[in-house]
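Listed below, chain by chain, are the residues.
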Amino acid sequence: MFDLAGEFMALNETTATGEFYGRGLEYYHGILRILVVLHHDFPDFLVENHARIVSRIPDHCIQASNLVLSAIPSTCPEFPAPFNTNLERLAETRVPVPVKRGYTDQLKAAKLLDQVDELLGASELRAVDVQRLAEAITMSVPKPTKPTLPLVTHHTTILNSLVLHVADTHLINNPTGPVYDPTSTAAQLLPALLSKLPATTQLLLLKAMVNNLRYPNDHTTFYLHVVLGLVHIPPSSENAESELITIEMLVRVLLERLIVQRPHPWGVLVALLEMYKLKGFWDLPFAQGEGGLLLRSVVDG
């Protein structure tokens with residue numbers, strides 16, 4: 001694990017501009033080969049440590065992230081193809097997620113864990129408390145010292161930790177209840193937080209949620225519902241512009257995971273396919289013209 005983290009740190013420095021060429025490209029191909037071996041022969045390692053590993057992968061190395069996030073436990077039973085998935089039936093099946101403990105270390109270091117736990121334990125969310133958390137997350141991020149692409153940022157590690165902790169806390173506190181409860185504070189927290197963050201951090205939070213759309217399990221089910229709950233068609237008249245921007249960002253994140261070579265995370269495919277089924281989706285502005293052709297090509301592929 002330590003060596004793998006070091007490899008990604010070196011990759012982050014080698015491709016600091018977000019472009020691959022020369023030795024940087026060769027280095028990336030070498031890391032992909034290592035991940036292919038782990039994906040094939042040691043999938044349980046990637047499944048248990050996915051959050052820590054993905055937090056260290058540069059943002060533009062999507063195929064590397066997919067190799068980690070599409071890993072399936074060796075004991076996992078067969079599951080339906082993305083095109084034949086029934087979300088209601090999926091929500092009725094509890095599949096615990098093996099996660100390596102210590103994933104909250106980033107939240108602790110940023111002094112955010114107590115604040116998050118207080119929100120998750122509340123009977124209802126107050127807008128002022130969510131705003132306070134959004135400000136704390138934003139203020140916890142050190143300002144860059146030079147104008148380089150923020151490939152692996154402090155934001156990324158904190159938000160990945162936050163997203164995992166929200167789902168894990170909900171499932172631990174409700175061992176026999178529904179995987180997803182729209183009235184729970186866990187289900188409401190991240191959508192509420194999303195609206196309070198600046199655009200760049202919103203995108204990172206969406207990516208962190210999509211990171212948990214993996215093989216069929218409790219976290220995947222939880223975040224399938226959270227992500228699809230962000231898609232309001234038609235958008236409400238009061239927040240139409242911001243809601244459209246959120247939907248477009250979400251679709252962008254999902255497409256980024258699917259336009260690279262396989263493997264693709266099962267949950268990402270399910271999320272996009274379920275979104276396609278929503279009445280009015282293909283009438284949205286970004287689904288017209290070339291954007292629509294790209295969206296349809298993913299379905300056809």
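All values derive from a computational prediction rather than experimental measurement. (Residues numbered from 1 in each chain as written. Predicted model: local features only at pLDDT ≥ 70, side-chain atom pairs only at ≥ 80, totals over all residues. Heavy atoms only, no water.)

Caption draft 1: Seen up close, the overall build of the protein chain. Looking only at helices and strands, the protein chain features 16 helices and zero strands. Across the 301 residues in the protein chain, those meeting the buried criterion constitute 48%. The long-range share in the protein chain, meaning contacts at least 24 apart out of those at least 6 apart in sequence, stands at 73%. Summing over all exposed atoms, the protein chain offers an accessible surface of approximately 15300 Å²; the carbon and sulfur share of this is 55%. (Helix = DSSP H or I, 4+ residues; strand = E, 2+ residues; numbered from the N terminus. Buried < 20%, exposed > 50% of the residue type's maximum accessible area, 1.4 Å probe, protein only. Contact = heavy atoms within 4.5 Å. Areas by Shrake-Rupley, 256 points an atom, 1.4 Å probe, with all protein chains shown as cover.)

Caption draft 2: Spotlight on the nonpolar core. In terms of nonpolar packing, the biggest core is built from 66 residues, with Leu193, Met209 and Tyr223 touching the most fellow members. Beyond its immediate stretch of four places on either side in the chain, Met209 contacts Val163, Leu190, Tyr223, Val226, Val227 and Leu230. Counting residues in hydrophobic clusters, the runner-up holds 22 residues, among them Ile31, Leu32, Ala51 and Leu164. (Core = buried A, V, L, I, M, F, W, Y, C linked by side-chain atoms within 4.5 Å.)

Caption draft 3: Here's a closer look at unusual backbone geometry. Cis geometry marks the peptide bond from Arg262 to Pro263, where omega comes out at 10°. Tracing the backbone through its elements, the reader meets Pro263 in the loop between α14 (240–258) and α15 (266–276). With a phi angle near 60°, Lys111 is a residue other than glycine that sits in the positive phi range. On the secondary structure map, Lys111 appears in the loop between α7 (105–109) and α8 (113–120). Judged by its relative accessible area of 71%, Lys111 falls in the exposed class.

Caption draft 4: The packing of aromatic side chains, seen in detail. Taken as a whole and assessed by the stated rule, the structure comprises six aromatic pairs. Residues Tyr276 and Phe281 carry aromatic rings whose centres are separated by 5.5 Å and whose planes lie at 45° to one another, so their mutual orientation is tilted. In this structure Phe281 comes out as buried when scored by relative accessible area, which is 0%. Ring pairs connect the aromatic residues Tyr276, Phe281, Trp282 and Phe286, which therefore count as one cluster. (Phe/Tyr/Trp six-rings, centres within 6.5 Å; stacked < 30°, edge-to-face > 60°.)

Caption draft 5: Representation of the pattern of salt bridges within the structure. For the structure shown, the criterion picks out five salt bridges. Ionic pairing is found between Arg132 and Asp129, a salt bridge with its closest N-O pair at 2.8 Å. Here Arg132 pairs with Asp129, and both are found in helix α9 (residues 127–139), just three residues apart, close to one helical turn. (Salt bridge = Lys/Arg side-chain N within 4 Å of Asp/Glu carboxyl O.)

Caption draft 6: Just helix α5 (residues 62–69), in detail. In terms of burial, α5 is largely enclosed, as seven of its eight residues are buried. Those residues of α5 that sit buried are Ile62, Ala64, Ser65, Asn66, Leu67, Val68 and Leu69.

Caption draft 7: The arrangement of the confidence of the model for the protein chain in detail. For the protein chain, per-residue confidence averages 82 on the pLDDT scale, and 84% of positions sit at 70 or higher. With pLDDT under 50 throughout, residues 144–152 is counted as low confidence; its partners more than four residues away or in other chains account for 17 contacts. (pLDDT = per-residue confidence, 0-100.)

Caption draft 8: Layout of the side chain of Asn212. By the secondary structure assignment, Asn212 is in the loop between α12 (199–210) and α13 (218–229). With sequence-adjacent residues up to four places away left out, Asn212 is seen in contact with His50, Val163, Leu164, His219, Thr220 and Tyr223.

Caption draft 9: Inspection of the packing of α13 against α15 at higher detail. At a minimum axis distance of 10 Å, the contact between α13 and α15 shows a crossing angle of 30°. In terms of axis orientation, α13 runs roughly parallel to α15. Considering how the two elements wind past one another, α13 and α15 form a crossing that is right-handed. Residues Thr220, Leu224 and Leu228 of α13 form the contact with α15, whose participating residues are Trp266, Gly267, Val270, Ala271, Glu274 and Met275. Of the residues assigned to the contact of α13 with α15, the class counts are six nonpolar, two polar and one charged. (Axes fitted to C-alpha atoms, helices over the stretch in contact; angles between N-to-C directions. Parallel < 35°, antiparallel > 145°, perpendicular 65-115°, else oblique. Left-handed = near helix turned anticlockwise from the far one by under 90°. Nonpolar A, V, L, I, M, F, W, Y, C, P; charged D, E, K, R; others polar.)

Caption draft 10: Looking closely at the packing of helix α11 (residues 185–194) against α12. Across the interface, α11 lies against α12 with an axial gap of 9 Å and an inter-helix angle of 150°. Classified by the interaxial angle, the pair formed by α11 and α12 is roughly antiparallel. Contact with α11, carried on its side by Leu190, Leu193 and Leu194, involves Gln202, Leu205, Leu206 and Met209 of α12 and no other residues of that element. Class assignment for the residues of the contact of α11 with α12 results in six nonpolar, one polar and no charged.

Caption draft 11: Layout of the side chain of His165. Note that His165 resides in helix α10 (residues 154–173). For His165, a relative accessible area of 9% puts it in the buried group. Beyond its immediate sequence surroundings of up to four residues, His165 is in contact with Tyr103, Thr104, Leu107, Leu113, Val116, Asp117 and Leu120.

Caption draft 12: Region of interest: α12. An ideal rise of 1.5 Å per residue puts 16 Å on twelve residues; α12 measures up with 17 Å between its terminal C-alpha atoms. Summarising burial for α12: ten of the twelve residues are buried, a large majority. Those residues of α12 that fall on the buried side of the exposure criterion are Thr201, Gln202, Leu203, Leu204, Leu205, Leu206, Lys207, Ala208, Met209 and Val210. (Expected span 1.5 Å × (residues − 1).)

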